[in-house]
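# Overview (structure and organization)
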Amino acid sequence: MNDRLDMTLMYAMHNALRRELRHIARITARCDPDPGHTLRTAPGWEMFGSALHAHHGAEDDALWPALRQALEGRPYDLTRLEAIEAEHAVIARLATTVDDALDDPGAGPDLIGELLNSLVTGLAGHLAHEEEAVFPLVQDVVTERQWEHFGRAHAQRVAPHAAVLLPWLLTGADEHTTTLVLAQLPKAARRAYTYQWQPTYAVLDRWSTRAVMTAPGP
């Protein structure tokens with residue numbers, strides 16, 4: 001690959017979101033009659049929501065405006081960007097609706113399961129669509145300065161939850177991605193990641209899988 005811009009972090013975030021979607025899909029498909037019970041009690045749902053909100057928020061605020069400006073006079077490519085922006089709005093609404101349903105005692109497991117299926121399908125499709133339709137446009141027209149601005153905006157949005165979201169992001173990541181991400185951190189943050197954040201995260205049962213594995217059979 002001869003990409004001008006290093007999009008390692010973008011792909012790492014997409015891959016982490018896909019990983020969590022697989023967990024959500026398994027929770028929804030389990031024989032447990034109430035998938036909402038796991039989401040209400042497991043920390044994984046909150047982590048997923050925080051990461052999704054930070055990632056999409058940084059794109060909306062710092063990347064899409066730069067891309068829109070650079071694509072002036074290219075109506076077909078602008079339409080592709082507008083489709084991605086519309087998908088962001090739908091996904092945000094779905095995630096909020098799931099949260100509302102989890103807080104509503106009257107929302108039954110069938111409704112919650114339906115909403116989760118829609119979120120999994122919609123976000124998985126969106127991630128693939130963005131990579132196929134918009135990433136090439138970013139490589140084509142976004143300047144290095146604009147890309148660096150987006151990186152700073154993304155880091156600022158992740159920063160309040162860095163102790164959790166950095167280990168979350170790097171779970172299952174390859175050595176290149178891990179090295180690149182950690183190299184961008186201040187020395188104090190790298191030490192915190194190595195000696196505090198990652199060890200604490202490593203023992204976290206974010207989707208309550210251990211409880212499922214040790215539950216007594218019928």
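Residues numbered from 1 in each chain as written. Predicted model: local features only at pLDDT ≥ 70, side-chain atom pairs only at ≥ 80, totals over all residues. Heavy atoms only, no water.

## Re the overall build of the chain
Rules: In DSSP terms, a helix is any run of H or I states spanning at least four residues, a strand is any run of E spanning at least two, and both are numbered starting from the N terminus. Throughout, radius of gyration means the C-alpha value; the globule benchmark is 2.2 Å times the number of residues raised to the power 0.38. Burial status follows relative accessibility: with a 1.4 Å probe on protein chains alone, a residue under 20% of its type maximum counts as buried, one over 50% as exposed, and anything between as partly exposed. Residue contacts follow a heavy-atom distance rule, with two residues in contact if any of their heavy atoms lie within 4.5 Å. Method for areas: the Shrake-Rupley scheme with a 1.4 Å probe, in which residue coverage is limited to the protein chains shown. His is not counted, nor are the chain ends; Lys and Arg add positive charge and Asp and Glu add negative charge. To locate a charge, take NZ of a lysine, CZ of an arginine, CG of an aspartate or CD of a glutamate.
Counting its secondary structure elements, the chain contains 10 helices and 0 strands. Each helix and strand of the chain, ordered N terminal to C terminal, gives the series α-α-α-α-α-α-α-α-α-α. Here the C-alpha radius of gyration of the chain, 19 Å, is about what a compact globule of 218 residues would show, namely 17 Å. Burial status across the chain gives 44% buried among its 218 residues. For the chain, contacts bridging at least 24 residues in sequence account for 81% of all contacts bridging at least 6. Surface summary for the chain: the accessible area is close to 11800 Å², and the carbon and sulfur share equals 56%. Side-chain charges in the chain split into 19 positive and 29 negative, and the spacing between the mean points of these groups amounts to 7 Å.

## Thoughts on the packing of helix 3 (residues 44–70) against helix 4 (residues 75–103)
Condition: For helices, the fitted axis covers only the stretch in contact; all axes are lines through C-alpha atoms, and the angles between them, taken along N-to-C directions, range from 0 to 180 degrees. Should an angle lie under 35 degrees it is considered roughly parallel, over 145 roughly antiparallel, and from 65 to 115 roughly perpendicular; all remaining angles are considered oblique. Crossings are classed by handedness, with left-handed meaning an anticlockwise turn of the near helix from the far one by less than a right angle and right-handed meaning a clockwise turn. When residue character is reported, Ala, Val, Leu, Ile, Met, Phe, Trp, Tyr, Cys and Pro are called nonpolar, Asp, Glu, Lys and Arg charged, and the others, Gly included, polar.
Close contact between helix 3 and helix 4 brings their axes to 11 Å; oriented N to C, the two are set at 155°. Considered as vectors, helix 3 and helix 4 are oriented roughly antiparallel to each other. Helix 4 is crossed by helix 3, and the crossing has left-handed handedness. Two secondary-structure elements touch here, helix 3 through Trp45, Leu52, His56, Glu59, Asp60, Trp64, Leu67 and Arg68 and helix 4 through Leu78, Leu81, Glu82, Ile84, Glu85, His88, Ile91, Ala95, Val98, Asp99 and Leu102. Grouping the amino acids of the contact of helix 3 with helix 4 by side-chain chemistry returns 11 nonpolar, 2 polar and 6 charged.

## Some points on the environment of Arg18
Relative to the helices and strands, Arg18 is located in helix 1 (residues 8–29). For Arg18 and Leu127, which are 109 residues apart along the polypeptide, the C-alpha to C-alpha distance reads 8.3 Å. Apart from the residues lying within four places of it in its own chain, the contact partners of Arg18 are Leu127, Ala128 and Glu131.

## Let's talk about the layout of surface pockets
Note the cut-off: A cavity, in this analysis, means grid points on a 1 Å lattice covering only the protein atoms where a 1.4 Å probe fits yet has no way out; a pocket is instead an open set bounded by protein on both sides within 12 Å along at least five of seven lines, and a residue lines either one if it has an atom within 4 Å of a point. Grid points are joined across faces, edges and corners, and a volume is the space filled by probe spheres set on the points.
The volume enclosed by the largest pocket comes to roughly 640 Å³. Forming the walls of the largest pocket are 27 residues, and the residues nearest its centre are Leu9, Gly151, His154, Ala155 and Gln184. Breaking the lining of the largest pocket down by element, the ones donating at least two residues are helix 1, helix 6 (144–158), helix 7 (162–170) and helix 8 (175–183). In terms of residues, the lining of the largest pocket owes the most to one element, helix 6, which gives 8 residues. Residue composition of the lining of the largest pocket, grouped by class: 18 nonpolar, 5 polar and 4 charged. In this structure, the second largest pocket encloses a volume near 270 Å³. Lining the second largest pocket are 16 residues, with Gly49, Leu52, His53, Ala92 and Ala95 sitting closest to its centre.

## Examining the environment of Leu94
Tracing the sequence through the fold places Leu94 in helix 4. Separated by 28 residues in the primary sequence, Leu94 and Gly122 place their C-alpha atoms 9.0 Å from one another. With near-sequence residues (within four places) excluded, Leu94 lies in contact with Leu115, Ser118 and Leu119.

## Things to note about the confidence of the model for the chain
Caution applies to low-pLDDT parts of the model: their predicted coordinates are not meant to be read in detail. What counts here: The predictor's confidence in any single residue is recorded as pLDDT, a number from 0 to 100.
Mean pLDDT over the chain stands at 92; residues scoring 70 or higher make up 94%. Counted against residues more than four places away or in other chains, residues 213–218, with its pLDDT under 50, gives 0 contacts.

## A closer look at the packing of aromatic side chains
How we decide: Here a pair means two rings of Phe, Tyr or Trp (six-membered ring of Trp) with centres within 6.5 Å. Their orientation is stacked below 30 degrees between planes, edge-to-face above 60, and tilted elsewhere.
Applying the stated rule across the entire model yields 3 aromatic pairs. Taking the centre distance of 5.2 Å and the plane angle of 85° together, the rings of Tyr11 and Phe135 count as edge-to-face. One end of the pair, Tyr11, is in helix 1; the other, Phe135, is in helix 5 (residues 109–141), and 124 residues separate them in sequence. For Phe135, a relative accessible area of 3% gives the class buried. With a centroid separation of 5.3 Å and an interplanar angle of 40°, the aromatic rings of Trp147 and Phe150 are classed as tilted. Remark: Phe150 and Trp147 occur in helix 6; sequence separation between them is 3 residues, near one turn of the helix. Taken as a pair, Trp147 and Phe150 share a single burial class, namely buried.

## Description of the pattern of salt bridges
Stated formally: A pairing counts as a salt bridge when a side-chain nitrogen of Lys or Arg comes within 4 Å of a carboxyl oxygen of Asp or Glu.
Enumeration according to the criterion identifies 10 salt bridges in this entry. Linking Asp140 and Arg74 is a salt bridge whose minimum nitrogen-to-oxygen distance equals 3.3 Å. Of the two residues, Asp140 sits in helix 5 while Arg74 sits in the loop between helix 3 and helix 4, which places them 66 residues apart along the sequence. Here the salt bridges do not stand alone but share partners, grouping Arg74, Asp77, Arg80 and Asp140 into one network.

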